[in-house]
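Listed below, chain by chain, are the residues.
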Amino acid sequence: MYLDYFSLKRHPFRITPDPSLFFHGGAHGLGVVLDALVYGITTGEVILKVVGEVGSGKTMLCSMLQTRLAESVETVYLANPSVSPEEILH
């Protein structure tokens, strides 16, 4: 439906975000948050938590963060936030 009506070349809404479609958003957009996350991780912060309303771009931020960090940085994506602290460490 979307492809023909809007003359799109690919589906605009998918379950997993496409990092090639990331919109920086200027001075108040997700790019500023992404830069802050990269800075926090590369300067020694141990644990960062990303929270926000449904559809606010959290999953996209996580995807972009993984592409921006060096390969030597180990990342873990917790899809289920209701795990205990012990389960997170495990």
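A brief look at the structure comes next.

Conventions we followed
Residues numbered from 1 in each chain as written. Predicted model: local features only at pLDDT ≥ 70, side-chain atom pairs only at ≥ 80, totals over all residues. Heavy atoms only, no water. Salt bridge = Lys/Arg side-chain N within 4 Å of Asp/Glu carboxyl O. Buried < 20%, exposed > 50% of the residue type's maximum accessible area, 1.4 Å probe, protein only. Helix = DSSP H or I, 4+ residues; strand = E, 2+ residues; numbered from the N terminus. Core = buried A, V, L, I, M, F, W, Y, C linked by side-chain atoms within 4.5 Å. Contact = heavy atoms within 4.5 Å. Axes fitted to C-alpha atoms, helices over the stretch in contact; angles between N-to-C directions. Parallel < 35°, antiparallel > 145°, perpendicular 65-115°, else oblique. Left-handed = near helix turned anticlockwise from the far one by under 90°. Nonpolar A, V, L, I, M, F, W, Y, C, P; charged D, E, K, R; others polar. Patch = residues over 30% accessible without salt bridge, like charges linked within 9 Å, V, L, I, M, F, W, Y side chains within 5 Å. Areas by Shrake-Rupley, 256 points an atom, 1.4 Å probe, with all protein chains shown as cover.

Things to note about the pattern of salt bridges
Pairing of side chains with opposite charge becomes possible as their charged atoms draw close. Throughout the structure, instances matching the rule amount to two salt bridges. The closest approach of N and O atoms between Asp18 and Arg10, which form a salt bridge, is 3.2 Å. You can call Asp18 partly exposed: its relative accessible area is 25%. Exposure remark for Arg10: the relative accessible area of 45% places this residue in the partly exposed category. Of the charged contacts in the structure, one is a salt bridge between Asp35 and Arg68, with a shortest N-O distance of 3.1 Å. Here Asp35 is found in helix α2 (residues 30-42), whereas its partner Arg68 is found in helix α3 (residues 58-68), with 33 residues between them in sequence.

Comments concerning unusual backbone geometry
What you tend to see is this: most non-glycine residues have negative phi, and most peptide bonds are trans. Notably, Ser7 is not glycine yet its phi reads approximately 55°, a positive angle. Residue position: Ser7 is located in the loop between α1 (2-6) and α2. Judged by relative accessible area, which is 63%, Ser7 ranks as exposed.

Re the nonpolar core
Grouped together as the largest cluster of nonpolar side chains are nine residues: Phe22, Leu34, Leu37, Val38, Met60, Leu61, Met64, Leu65 and Leu69. In terms of residue count, α3 provides more of this core than any other element does, four residues in total. Among residues more than four places away in sequence, those in contact with Leu37 are Leu48, Val50 and Leu65.

Some remarks on the packing of α2 against α3
Interaxial distance between α2 and α3 falls to 10 Å at its minimum, and their mutual angle equals 50°. Here α3 runs oblique to α2, going by the angle between their axes. Taken as a pair, α2 and α3 cross one another with a handedness that is right-handed. Taken together, the residues of α3 that come into contact with α2 (itself represented by Leu30, Val33, Leu34, Asp35, Leu37, Val38 and Ile41) are Leu61, Met64, Leu65 and Arg68. Per-class residue counts for the contact of α2 with α3 are nine nonpolar, no polar and two charged.

Observations regarding the environment of Met60
In this fold, Met60 is placed in helix α3. Once residues within four sequence positions are removed from consideration, Met60 is found in contact with Pro17, Asp18, Pro19, Leu21 and Phe22.

A word on a nonpolar patch on the surface
A cluster of nonpolar residues, Met1, Tyr2, Tyr5, Phe6, Leu8 and Phe13, forms a patch on the protein surface that exposes about 790 Å² of accessible area. Considering the arrangement of structural elements, one finds Leu8 in the loop between α1 and α2. According to the relative accessible area criterion, Leu8 is partly exposed, its value standing at 34%.

Take it as geometry only, folks, not as evidence of what the structure does.
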